[in-house]
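Reading the structure
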Amino acid sequence: MKHLQPFDTIQTLDPIQDHCQICRLSVGYEFAWETTRALEYALLRTFCAPSVSRLLQQTQEFTHRPQKRYDDTGFIVTKILQWGYDTPEGATAIDRMNRMHRRFAIANEDFLYVLSTFIYEPIRWNARFGWRPYCETEKLALYYFWRAVGERMGIQSIPETYEAFERYNCNYEAQHLRYSEANQHIGDAVLQMMTNWFPRWTRSLVKSNTYALLDDAMLNALGWPQPTPRQRQRVVWAMKTRQRLVRRLWPRRRDSFTDYYQRLRSYPNGADWQNIGPPGQLSALNQTQPMKGATQGGSRCPFHRLMQITQHSS
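Described below are features of the structure shown in this document. Treat the numbers as computed from the prediction; the structure is a model and nothing was measured.

What counts, and where the lines are drawn
Residues numbered from 1 in each chain as written. Predicted model: local features only at pLDDT ≥ 70, side-chain atom pairs only at ≥ 80, totals over all residues. Heavy atoms only, no water. Phe/Tyr/Trp six-rings, centres within 6.5 Å; stacked < 30°, edge-to-face > 60°. Lys NZ or Arg CZ within 6 Å of the ring centre and 35° of its normal. Core = buried A, V, L, I, M, F, W, Y, C linked by side-chain atoms within 4.5 Å. Buried < 20%, exposed > 50% of the residue type's maximum accessible area, 1.4 Å probe, protein only. Helix = DSSP H or I, 4+ residues; strand = E, 2+ residues; numbered from the N terminus. Contact = heavy atoms within 4.5 Å. Disulfide = S-S within 2.5 Å.

Now for the packing of aromatic side chains. How two aromatic rings sit relative to each other is set out by the distance from centre to centre and by the angle between their planes. Under the counting rule described, the total for this entry stands at 20 aromatic pairs. One aromatic cluster is present, built from ring pairs that chain together Tyr 113, Tyr 120, Tyr 143, Tyr 144, Tyr 162, Phe 165, Tyr 168 and Tyr 172. One Lys or Arg, Lys 79, reaches over the ring of Tyr 261 and ends 4.7 Å from the middle of that ring. Over the ring of Trp 33 we find Arg 242, and its NZ or CZ is 3.8 Å from the ring centre.

Take the nonpolar core next. Where a protein is soluble and globular, its nonpolar side chains tend to be buried together. In this structure, Ile 80, Ile 119, Phe 145 and Trp 146 are the most contacted members of the largest nonpolar core, which totals 49 residues. Elements with a minimum of two residues in this core: helix 2 (19-30), helix 6 (66-83), helix 7 (88-101), helix 8 (108-129), helix 9 (136-152), helix 10 (162-176), helix 15 (257-262) and helix 16 (282-287). Look past the residues within four positions of Ile 80 in its chain and what remains in contact with it is Tyr 85, Gly 90, Ala 93, Ile 94, Met 97, Phe 145 and Val 149. The next biggest cluster of nonpolar side chains, apart from the first, holds 32 residues, and it includes Leu 44, Leu 56, Ile 186 and Leu 219.

It is worth spelling out the state of the cysteines at this point. Counted under the stated rule, the structure contains zero disulfides. Among the cysteines around Cys 48, which has no disulfide bond, Cys 170 carries the closest sulfur, lying 14 Å off. The class of Cys 48 is buried, set by a relative accessible area of 0%.

As structure tokens, this is what we get:
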């Protein structure tokens, strides 16, 4: 019997019933690097809304401990994508995230916008730079997956269709993305964190390349300089070259999730739930046991089915 490749498996699945499996295969096998870059882009994009950046400035996590805040977010999101939202692991991740958010007065419209970036920014990134674009099944699966996560976060009025949520995303940006000092303050701190990942002699190039990847609306909202046309062309050429090279590689045979956890800079010895969250909140977060087991109604992405899909994809 022929073993199915991840994309072959994805095409046999239903985006409504099987969205957990589809997202796990898509992120874990097909688009590991692309998803990380797209969500970094999405992170910067959310800083372009003053209501979001003001709250982040208030918490001071991105200014005082940007790497830990980045790694904690990545750890939680990766757990949800790897295991699904109704498994014990995924439910624990959502519970931790909800309790971290609970002490802040976050507007529902901002919650909705941030949630929407998890769907549409990876899709837009792949349309530009992915080794292939998302297929329609993957696009719908992303919508149904993050919609279900949003419901478990208590987010209200999530649009009922993929198209309606995309309109919300675009309308929110047209109304809310504008310059503020808080935007620039948070954006500068996170950009400095990202440039510190690279050797000192390359950091100015990394910064200019980052500017060249962003659209004018983001640059204006963050108070960042406009790149030259030549800089934009250079970055696009590099990304398109990578795109062509990756298309020639063999499909990934092992999922990327384990490798991701090993790359968390804040946790060289490994992360666990006791350390995830702002240091000042950890005692309170760890006093309450994270929720165990699936949420009411049963899991639509049970562990054994995930493992069966993975085995067929290997």
